[in-house]
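The residues making up each chain are set out below.
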Amino acid sequence: MYFAEQGLSAAGIDISESAIDIARERVNRRGLDVELETGSAETLPWTDDTFDLVVSDGVLDHVSFTEAKRIVDEVQRVSTPNAYIFLSLRSTADSECGRGERVEENTHVLEEGYEEGMLQHFFDRQHIAELLADYKIFDIEHIKREYPTKFTVDKSYRQSSEGMKKQVALADTAFDRQYA
């Protein structure tokens, strides 16, 4: 929606049909033109060389490293030769790395929190370099997050959709009051 609001052609994909339904509702409410698809990032429905910018937030850390490589190959297929790619990835320095049932190196099934039962992969610099071997990396921002040994209700709630909505609403209100 952000890119469409800037006057750019925009598209999005999610494996969750309900997530796409919510996105369509928001896009329609704002009167924006965004192509939204339900599907897997491993088989993107767009032709080669379609996008100049790809943003992947919270996708590659929920699949195995092998799947992440296939997704990055697919992103490369649909990207123009000089495209920019933005990825958010969870780091092996994250205090949750290693928690839960081990599936493969740096990959676990989470046992607690709002993502309980979900696959979580944590990336180190070597895996990032391997994942992006065909790309020029401009910047890596490394944010270290530390969580308590036990997943707290507070953290679960803050990271949930409902908790995030309240945080955004409160932040917007505080901002409006300060700069009105």
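Values in this document were obtained by computation on a predicted structure and should not be read as measured data.

What counts and how
Residues numbered from 1 in each chain as written. Predicted model: local features only at pLDDT ≥ 70, side-chain atom pairs only at ≥ 80, totals over all residues. Heavy atoms only, no water. Helix = DSSP H or I, 4+ residues; strand = E, 2+ residues; numbered from the N terminus. Expected span 1.5 Å × (residues − 1). Polar contact = N/O pair within 3.5 Å; in protein donor to acceptor, adjacent residues only side chain to side chain. Buried < 20%, exposed > 50% of the residue type's maximum accessible area, 1.4 Å probe, protein only. Contact = heavy atoms within 4.5 Å. Salt bridge = Lys/Arg side-chain N within 4 Å of Asp/Glu carboxyl O.

Caption draft 1: How the structure looks around helix 2 (residues 17-30). Across its 14 residues, helix 2 extends 20 Å between first and last C-alpha, which sits within 8% of the 20 Å expected from 1.5 Å per residue. Immediately downstream of helix 2, the backbone of Gly31 shows phi near 70°, a positive value.

Caption draft 2: Looking closely at the side chain of Asp94. Relative to the elements of secondary structure, Asp94 occurs in the loop between strand 4 (79-88) and strand 5 (101-104). Here the side chain of Asp94 touches Arg90 through a polar contact of 2.8 Å, side chain to side chain.

Caption draft 3: View of unusual backbone geometry. The phi angle at Asp49 is positive, at roughly 55°, despite the residue not being glycine. When its relative accessible area of 47% is taken as the criterion, Asp49 is described as partly exposed. Residue Asn106 is not a glycine yet carries a positive backbone phi of 60°. Relative to the helices and strands, Asn106 resides in the loop between strand 5 and strand 6 (107-109).

Caption draft 4: Just the environment of Cys97, in detail. Note that Cys97 resides in the loop between strand 4 and strand 5. Note: C-alpha distance between Cys97 and Leu110 (13 residues apart in sequence) is 9.6 Å. The contacts of Cys97, once residues within four sequence positions are left out, are Ser91, Thr92 and Phe122.

Caption draft 5: How the structure looks around the pattern of salt bridges. With the rule as written, the count across this model stands at 9 salt bridges. Glu42 is paired through a salt bridge with Arg70; the nearest N and O atoms lie 2.7 Å apart. Of this pair, Glu42 sits in the loop between strand 2 (34-38) and strand 3 (51-57) while Arg70 sits in helix 3 (residues 65-78), placing them 28 residues apart in sequence. Judged by relative accessible area, Glu42 falls into the partly exposed class, the value being 25%.

Function cannot be inferred from these measures alone, as they are strictly geometric.
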